[in-house]
Amino acid sequence: MERPREKAMLYGVRTLSNRELLGILLRCGYQGKSSLEVADEVLKIAGGISGLPQMTYADWTQIKGIKQAKAIDLMVVFELVRRCRYEQAKQEEMIQSPQSLISWLQLELGHLKQEHFLVVFLNIKNFIIGYQTIFVGGLDHANIHPREIFKEAFSRSAAKIVLVHNHPSQDVLPSVADRNVTIQLQEVSKIMNIPIMDHLIIAQNRWFSFRQQGLLDND
């Protein structure tokens, strides 16, 4: 039976299982456990491969056989993945090709334990020119300040914006507060002449679009 590196050289990295890929990144195990067995433990703690990018430094270093330097190496790999997703999203028109945007946002927000409200800024052709986390905490009229959103939009010369927030519960259906905030911000967007193209609710493996569900007034 080939070792993971030999298998990759012979047949390509796409032939490797999740545990084999992770085992190569880990490089070695410890006395009594191989790198593949440590990989099995990591995948169990992470809840599968989709949970790996969300693991913190503390999560990695609690696993026997993973030292501080190795934990940083692994976190760097997944941060590169996140940045690659963002760069890919920037190269695609957001309205017609939203999947790259969603993939990046799920890495950016899907794992967070507290609600984050983020605004994505678009140019006239619907390409991303930047983003900013504006608020942290539950959404309601008291903590959503339209002036902060549109001040940032003007400073970046944004033609349009996309509202985004995560639901730590992983239930992406909009709450009454989500709907009320969207209505409030749409009224301001009309005055400012900076349209809201969508409001996205993000979880790790699911998402909800106000635009696709007909909940945005784009008139």
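Each chain carries its own residue numbering, running from 1 in the direction its sequence is written. The predicted nature of this model means local features are confined to residues of pLDDT at least 70 and side-chain atom pairs, given and counted, to a pLDDT of 80 or more, with totals for whole chains, interfaces and linings taken over all residues. With hydrogens and water set aside, each side-chain value is computed from the structure's full complement of heavy atoms.

What follows is about the sheet that holds strand β2 (residues 128-136). Hydrogen bonds between backbone atoms are what pair the strands of a sheet, whose relative direction is either parallel or antiparallel. A pair of strands is considered paired only if DSSP assigns at least 2 bridges between the two. Numbering of helices and strands runs from the N terminus, with a helix taken as a DSSP run of H or I at least four residues long and a strand as a DSSP run of E at least two residues long. Spatially, β2-β1-β3-β4-β5 is the arrangement adopted by the 5 strands of the open sheet, whose pairing is mixed. Strands with a single pairing partner mark the edges of an open sheet, and in this sheet they are β2 and β5 (207-209). This sheet shows a mean twist of 20° between the axes of neighbouring strands, independent of strand direction. Here 7 bridges tie strand β1 (residues 116-122) to β2, and the two strands are oriented antiparallel to one another. The residue bridging F117 from the neighbouring strand is F135, located in β2. Residue contacts are defined here by distance: any two heavy atoms, one from each residue, within 4.5 Å place the two residues in contact. Geometry is summarised by axes, namely lines fitted to C-alpha atoms with helices restricted to the contacting stretch, and by angles between N-to-C directions that run from 0 to 180 degrees. Across the sheet, helix α8 (residues 176-192) touches β1, β3 (160-166) and β4 (196-202), and the angle it forms with β4 is around 160°.

Once that is clear, we can look at α8. Taking 1.5 Å of rise per residue, 17 residues should cover 24 Å, and α8 covers 25 Å from first to last C-alpha, within 8% of that figure. Burial in α8 covers these residues: D178, V181, T182, L185, Q186 and S189. Taken end-on, α8 shows its buried residues confined to a sector of 140°, consistent with a single buried face. Seen from the open side of α8, the exposed residues pointing more than 90 degrees away from its buried face are V176, I183 and I191. In this fold, the buried residues of α8 make contact with β1, α7 (146-155), β3 and β4. A positive backbone phi angle near 60° is found at N193, which sits one or two residues after α8. Multiplying one less than the number of residues by 1.5 Å gives the expected span of a helix. Think of it in three bands: with a 1.4 Å probe and only protein chains considered, a residue is buried below 20% of the maximum accessible area for its type, exposed above 50%, and partly exposed in between. Each C-beta atom gives one direction from the helix axis, and the arc is the one those directions make.

This part takes up the packing of aromatic side chains. Within 6.5 Å between ring centres, the rings of Phe, Tyr and Trp (the latter by its six-membered ring) count as paired, and their orientation is classed by plane angle as stacked under 30 degrees, edge-to-face over 60, tilted in between. Applying the stated criterion to the full structure yields 6 aromatic pairs. Relative to Y131, the ring of Y86 has its centre 5.0 Å away and its plane inclined at 70°; by these criteria the two rings are edge-to-face. Of this pair, Y86 sits in helix α5 (residues 68-90) while Y131 sits in strand β2, and the two are 45 residues apart along the sequence. Assessed through its relative accessible area of 13%, Y86 is described here as buried. When the centroid spacing of 5.9 Å and the interplanar angle of 45° are considered together, the rings of F117 and F135 count as tilted. Residue F117 is located in strand β1, and its partner F135 is located in strand β2; the two are separated by 18 residues in the primary sequence. Its relative accessible area of 0% is what places F117 among the buried residues. Ring pairs connect the aromatic residues Y86, W104 and Y131, which therefore count as one cluster.

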